[in-house]
Amino acid sequence: MVVTMESQQVRVAEFTVDCPAGSAGVGSVTMNAGVVQTGSFTVGVDASDESIRWALTVTQPE
């Protein structure tokens, strides 16, 4: 899977997660404060097969 994150129409992160058959794939990215601008952001997930199940957690420090 390829995961992307955009803030104010600028791509701020992209990473790949390998998803071997029969096991879980895990990936993450850590960004410095201020990379994501104030306001909304979008996250895109492009999986190679419709049967791949995925979950996403976004953690924002206070």
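Structure shown above.
Not measured: the values here are computed from a predicted model.

Cut-off values and rules
Residues numbered from 1 in each chain as written. Predicted model: local features only at pLDDT ≥ 70, side-chain atom pairs only at ≥ 80, totals over all residues. Heavy atoms only, no water. Helix = DSSP H or I, 4+ residues; strand = E, 2+ residues; numbered from the N terminus. Polar contact = N/O pair within 3.5 Å; in protein donor to acceptor, adjacent residues only side chain to side chain. Contact = heavy atoms within 4.5 Å. Pairing = 2+ DSSP bridges. Axes fitted to C-alpha atoms, helices over the stretch in contact; angles between N-to-C directions. Salt bridge = Lys/Arg side-chain N within 4 Å of Asp/Glu carboxyl O. Buried < 20%, exposed > 50% of the residue type's maximum accessible area, 1.4 Å probe, protein only. Patch = residues over 30% accessible without salt bridge, like charges linked within 9 Å, V, L, I, M, F, W, Y side chains within 5 Å. Areas by Shrake-Rupley, 256 points an atom, 1.4 Å probe, with all protein chains shown as cover.

## So, the side chain of S7
Residue placement: S7 occurs in strand β1 (residues 2-7). Within the structure, the side chain of S7 is placed 2.8 Å from the backbone nitrogen of Q37, a separation counted as a polar contact. With residues up to four places along the chain from it excluded, the contact list for S7 reads V12, V35, V36, Q37, S40 and F41.

## Some words on the sheet that holds β1
Here we have 3 strands laid out as an open sheet, ordered β2-β1-β3, and antiparallel in their pairing. This sheet does not close on itself; its edge strands, each paired only once, are β2 (10-16) and β3 (41-46). Taking each pair of neighbouring strands and ignoring which way they run, the sheet shows an average axis angle of 15 degrees. Sheet analysis places β1 next to β2, joined by 6 bridges and oriented antiparallel.

## A word on the pattern of salt bridges
Counted according to the given criterion, the structure contains 2 salt bridges. With a shortest N-O distance of 2.7 Å, E14 and R11 are connected by a salt bridge. The class of R11 is partly exposed, set by a relative accessible area of 47%. The network of salt bridges with common partners includes E6, R11 and E14.

## Digging into a nonpolar patch on the surface
A grouping of F41, V43, W54, L56 and V58 is seen on the molecular surface, where their side chains present a nonpolar patch of about 450 Å² in accessible area. Residue position: V43 is located in strand β3. Accessibility expressed as a relative area gives 31% for V43, which makes it partly exposed.

## Re the environment of S28
Within the element layout of this structure, S28 appears in the loop between β2 and β3. Classification of S28 by relative accessible area gives exposed; the value is 63%. Between the alpha carbons of S28 and V3 there is a distance of 9.3 Å; along the sequence they are 25 residues apart.

The values reported here are purely geometric and, on their own, carry no functional implication.
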